[in-house]
Amino acid sequence: MRSLLLALAALSATPAFAQANPQIDYPAFQALTARVAPQRAQRLVAFDAFKAEAAKPGALLLDARSKDAFQRGHIKGAVNLPLTDFTADSLAAVIGADPNRPILIYCNNNFSNHKSPVPLKSAPLALNIQTFVNLVGYGYPNVRELADVVDFTDPKVEWVTG
């Protein structure tokens, strides 16, 4: 009888591969995104204000697209740190010592061109969302996000090609 109970318990137990990885915390991610959502809604900036903010001394225009996409084209003055490379150390190296430094972000979905190097991504998966959440999650609260959709061939954008 004891062996039957052990066998039943083993069948109902969660498989080892489904155990939570202590280095991945999805519930904390959900809590972070819920906490960041109202802040992000207040930090969306129209194009002209975005460009003016980016031009201020000390502001950082951050492009979190891939290195390859950045090299093929980006807004003048932008610094590239791909989202996949975000760590506490890499962010500190790019952003500097002041966690309150103004950071301005944009992504593929801010452009109407829908071709390389800014192909349109699925709206719920737009890079701005993950970038904003990650920056705030790493302790950088002063993030502004481009709200508008612009054409990168518009001279006001100051698009730099590689």
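These figures come from a predicted structure and were not determined experimentally. (Residues numbered from 1 in each chain as written. Predicted model: local features only at pLDDT ≥ 70, side-chain atom pairs only at ≥ 80, totals over all residues. Heavy atoms only, no water.)

A.B. asks: Help me understand the pattern of salt bridges in this model?
C.D. replies: A side chain of one charge can pair with a side chain of the opposite charge if their charged atoms are brought near each other. Enumeration over the complete set of coordinates arrives at six salt bridges. In this structure, lysine 56 and glutamate 53 form a salt bridge, with 3.0 Å as the shortest nitrogen-oxygen distance. The class of lysine 56 is partly exposed, set by a relative accessible area of 43%. The residue arginine 65 makes a salt bridge to aspartate 63 at a minimum N-O spacing of 2.9 Å. Assigned by exposure class, arginine 65 and aspartate 63 land together as buried. Salt bridges linked by common partners bring Lys51, Lys76 and Glu158 together as one network. (Salt bridge = Lys/Arg side-chain N within 4 Å of Asp/Glu carboxyl O. Buried < 20%, exposed > 50% of the residue type's maximum accessible area, 1.4 Å probe, protein only.)

A.B. asks: Hey, could you run me through the pairing of strand 5 (residues 103-106) in this one?
C.D. replies: Remark: a regular strand shows side chains that alternate across the two faces of the sheet. Here strand 5 shows two buried faces, one formed by Ile103 and Ile105 and the other by Leu104 and Tyr106. Here strand 2 (residues 60-63) pairs with strand 5 via four bridges, running parallel. In the sheet register, leucine 61 faces strand 5, and the bridge partner there is leucine 104. As paired strands, strand 5 and strand 6 (residues 143-146) are joined by three bridges and run parallel to one another. From the neighbouring strand, isoleucine 105 faces strand 6, where its bridge partner is glutamate 145. (Helix = DSSP H or I, 4+ residues; strand = E, 2+ residues; numbered from the N terminus. Pairing = 2+ DSSP bridges.)

A.B. asks: Quick question: what am I supposed to make of the sheet that holds strand 2 here?
C.D. replies: Either a parallel or an antiparallel arrangement is found when strands of a sheet pair, and the pairing is made through backbone hydrogen bonds. Within the open sheet, the five strands sit side by side as 1-6-5-2-4. Their pairing is parallel. Whereas interior strands pair on both sides, the edge strands pair on one side only; in this sheet they are strand 1 (44-45) and strand 4 (79-80). Summarising the sheet, strand 1 and strand 6 pair through two bridges and their orientation is parallel. When the sheet's bridge partners are listed, leucine 44 is paired in strand 6 with glutamate 145.

A.B. asks: I'm lost on the environment of serine 116 in this one. Help?
C.D. replies: Residue position: serine 116 is located in the loop between strand 5 and helix 6 (127-137). Look at serine 116 and you get partly exposed, because its relative accessible area is 45%. Separated by 47 residues in sequence, serine 116 and alanine 69 have C-alpha atoms that sit 7.6 Å apart. When neighbours within four sequence positions are excluded, serine 116 is seen to be in contact with Arg72 and Phe152. (Contact = heavy atoms within 4.5 Å.)

A.B. asks: I tried to follow the confidence of the model for the protein on my own but got confused; where do I start?
C.D. replies: Interpretation of the predicted coordinates at a detailed level should be avoided for regions scoring low in pLDDT. Predicted confidence across the protein gives a mean pLDDT of 91, with 88% of residues reaching 70 or more. Counted against residues more than four places away or in other chains, residues 4-8, with its pLDDT under 50, gives zero contacts. (pLDDT = per-residue confidence, 0-100.)

A.B. asks: How do you make sense of the side chain of threonine 131 when you look at a structure like this?
C.D. replies: Within the element layout of this structure, threonine 131 appears in helix 6. Each residue touching threonine 131, except ones within four places of it in the same chain, is listed here: Ala64, Leu83, Phe86 and Ile105.

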